[in-house]
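Next come the chains, spelled out residue by residue.
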Amino acid sequence: MNRRIEVLTAEAAPDCPRCGGPGLLHSRVPHTWTNAAGRRVRGYGGVVLCPECDADKPHAAPLITWFHVNGQADDGDEEFVRLLVAWAAGVFVPMLDERALEAEVEQRRRGGL
Ligand SMILES: [Zn+2]
């Protein structure tokens, strides 16, 4: 399945939903799941790259290091894009957990979006 991950480098990243600290990067991951009625549903999950929470994750650490060195997202930078793709591939796995998705949707509602 072809999944495109949309990384919102142009926007300021929101605060990390896990620790409340400032996030480095925000991405939206499109995904499809089957709801309780057995229908296929498409949606987006938001993922924030956090320098604290993600520091020891193998797929995120190199990208965090890149930010420490370069400061800001630069999608014209080859190394950045490579690390971004690796990170995006890594964040995707937990998105397949429907319960995690519901928790996030609920969180978003509370946030008034
Ligand atoms: Zn965090």
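Please read these numbers as outputs of a predicted model, since none were measured by experiment. (Residues numbered from 1 in each chain as written. Predicted model: local features only at pLDDT ≥ 70, side-chain atom pairs only at ≥ 80, totals over all residues. Heavy atoms only, no water.)

1. Some details on the overall build of the chain
Helices and strands together make up the secondary structure of the chain, namely three helices and three strands. Order of helices (α) and strands (β) in the chain, N terminus to C terminus: β-β-β-α-α-α. Here the contacts in the chain between residues at least 6 apart in sequence split such that 46% fall between residues at least 24 apart. (Helix = DSSP H or I, 4+ residues; strand = E, 2+ residues; numbered from the N terminus. Contact = heavy atoms within 4.5 Å.)

2. Here we look at the packing of aromatic side chains
Given two aromatic rings, one states the distance between the centres and the angle between the planes to describe the pair. Considering all chains together, one arrives at three aromatic pairs under this definition. Geometrically, the ring pair formed by Phe67 and Phe80 is edge-to-face, given 5.9 Å between the ring centres and 85° between the ring planes. Within this pair, whereas Phe67 is found in helix H1 (residues 61-70), its partner Phe80 is found in helix H2 (residues 78-95), the two being separated by 13 residues in sequence. Look at Phe67 and you get buried, because its relative accessible area is 6%. Put simply, the rings of Trp66, Phe67 and Phe80 pair up and form one aromatic cluster. (Phe/Tyr/Trp six-rings, centres within 6.5 Å; stacked < 30°, edge-to-face > 60°. Buried < 20%, exposed > 50% of the residue type's maximum accessible area, 1.4 Å probe, protein only.)

3. A word on the environment of Pro17
Relative to the elements of secondary structure, Pro17 occurs in the loop between strand S1 (6-7) and strand S2 (25-34). When the C-alpha positions of Pro17 and Cys50 are compared, they lie 9.1 Å apart, and in sequence the two are 33 residues distant.

4. Considerations on the coordination of the zinc ion
The zinc ion binds to the protein through Cys16 (SG), Cys19 (SG), Cys50 (SG) and Cys53 (SG), with metal-donor distances spanning 2.2 to 2.4 Å. Given four donor atoms and angles of 107 to 112° at the metal, the environment of the zinc ion is assigned as tetrahedral. Linear spacing of the donor residues for the zinc ion on their chain is C-x2-C-x30-C-x2-C. For Cys53, a relative accessible area of 25% gives the class partly exposed. (Donors = N, O, S within 2.8 Å, 3.2 Å for Na, K, Ca; no water. Tetrahedral: all angles 85-135°; square planar, octahedral: opposite > 155°, others 65-115°.)

5. Details of the confidence of the model for the chain
As a note on interpretation, predicted positions should not be read in detail where pLDDT is low. In the predicted model, the chain carries a mean pLDDT of 77, and the fraction of residues at 70 or more is 66%. Looking at the elements of the chain, mean pLDDT is at its lowest for helix H3 (residues 98-110), recorded as 62, and at its highest for H1, recorded as 94. (pLDDT = per-residue confidence, 0-100.)

6. Comments concerning H1
Within H1, burial applies to Leu63, Ile64, Trp66 and Phe67. The arc that holds every buried residue of H1, seen down its axis, measures 155°, which confines them to one face. Structural note: H1 exposes His68 and Val69 on the side pointing more than 90 degrees away from its buried face. Following H1 by one or two positions, Gly71 adopts a phi angle in the positive range, close to 85°. (Arc of directions from axis to C-beta.)

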